[in-house]
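Reading the structure
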Amino acid sequence: MASQVLSRPLVTAKWLSEAVRAGRVGPSLRVLDASWYPQQERNARQEFKERHIPGASFFDIEVCRDQSSPYDFMLPSASHFADYVGRLGISNSTHVVVYDGDELGTFYAPRAWWMFRVFGHKEVSVLNGGFKNWVKEGHPVTAEVSQPTQAVFKAKLNTSLLKTFEEMIQNVGSIQFQVVDSRPEGRFRGTELDQGLESGHIPGAVNIPFQSFLTESGHEKSIEEIQEIFREKKVDLSKPLAATCRKGVTACHIALAAFLCGKRDVAIYDGSWSEWFHRAPPRYKVSEMKRSKA
């Protein structure tokens, strides 16, 4: 594998299929299914057991997180992450390819991609189009579960790719960085509930729903189209930028889209609206619903 492949944030199904057929999945190339669905809708682990990309392992976002946090999917410690991915056969020299089985094409995979990056791993890519298009294009699937040999992964948290509640609060007044919210427009504006929570947004945030970056087929749009989306929303990719959402998942689509445009330092507000709703003072929760009731 050439070095330019390892620095790509996306790989195609054709490229990965050729790697699978050539028997390259192993210590130097690991494939992870990072699917997650609400329990009442689909069972990600069961679906993985039934069919997945040959050689892939299941990346359980429910396990690889801060179990003590009251908020969903908060980052685990560096030691927790290192131990978890090491058991999946991943070392610091492994090229990791992540995908998920969402009907949109890609949903949770960018979160896994960002998690590797925030813990210092650069050789990580998202499968463009996801499992949905892998199957549609006729690439191989299997129910055989691989047993990777444990590897040593050394993780070091890159705090420049992460924003805390305190940093986000401070930014409301100081505006040191731009904030993009990737949730649907209704949840951003506060006109519909956000998975049970009253919705709204952080003051000064700009709304770019994450699906804006995906084509109808579920692939990432072209770099030119992505750049235009940011331009239309007056987001300057030459300046500091943080992304937020409901629970730190779809915000990673913002980071991936910006990365494709050459901006590799978008930070994720890990707590996102889940934390902000519970901790921020009322004046820092902008909602049209509140105004309409006033």
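Going by the structure above, here's the rest.
Everything in this summary refers to the structure shown in the same document.

Criteria and thresholds
- Residues numbered from 1 in each chain as written.
- Predicted model: local features only at pLDDT ≥ 70, side-chain atom pairs only at ≥ 80, totals over all residues.
- Heavy atoms only, no water.
- Pairing = 2+ DSSP bridges.
- Helix = DSSP H or I, 4+ residues; strand = E, 2+ residues; numbered from the N terminus.
- Axes fitted to C-alpha atoms, helices over the stretch in contact; angles between N-to-C directions.
- Parallel < 35°, antiparallel > 145°, perpendicular 65-115°, else oblique.
- Left-handed = near helix turned anticlockwise from the far one by under 90°.
- Contact = heavy atoms within 4.5 Å.
- Nonpolar A, V, L, I, M, F, W, Y, C, P; charged D, E, K, R; others polar.

Turning to the sheet that holds strand S5 (residues 124–127), a few remarks are in order. Sheet architecture is open: five strands sit in the order S1-S5-S4-S2-S3, paired in parallel fashion. In this open sheet, the two strands that pair with only one neighbour each are strand S1 (10–11) and strand S3 (57–58). With five bridges joining them, strand S2 (residues 29–33) and strand S4 (residues 95–99) adopt parallel strand pairing. Counted as the bridge partner of Leu32 is Val98 from S4.

What follows deals with the packing of helix H9 (residues 223–232) against helix H10 (residues 251–260). As a packed pair, H9 and H10 sit with axes 9 Å apart at the nearest point and diverge in direction by 120°. Here H10 runs oblique to H9, going by the angle between their axes. With respect to the hand of their crossing, H9 and H10 are arranged in left-handed fashion. Mapping the contact onto sequence places Ile223, Ile226 and Phe230 in H9 and Ile254, Ala257, Ala258 and Leu260 in H10. Of the residues that constitute the contact of H9 with H10, the class distribution is seven nonpolar, no polar and no charged.

Moving on, we get to the sheet that holds strand S9 (residues 241–244). Read across the sheet, five strands follow the order S6-S10-S9-S7-S8 without closing on themselves; strand pairing throughout is parallel. Two strands in the sheet have a free side with no partner beyond their single neighbour: strand S6 (162–163) and strand S8 (206–207). The pairing of S9 with strand S10 (residues 267–269) spans two bridges and is classified as parallel. What sits directly across from Ala243, in S10, is Ile268.

Functional significance is not addressed by these values, which are geometric in nature.
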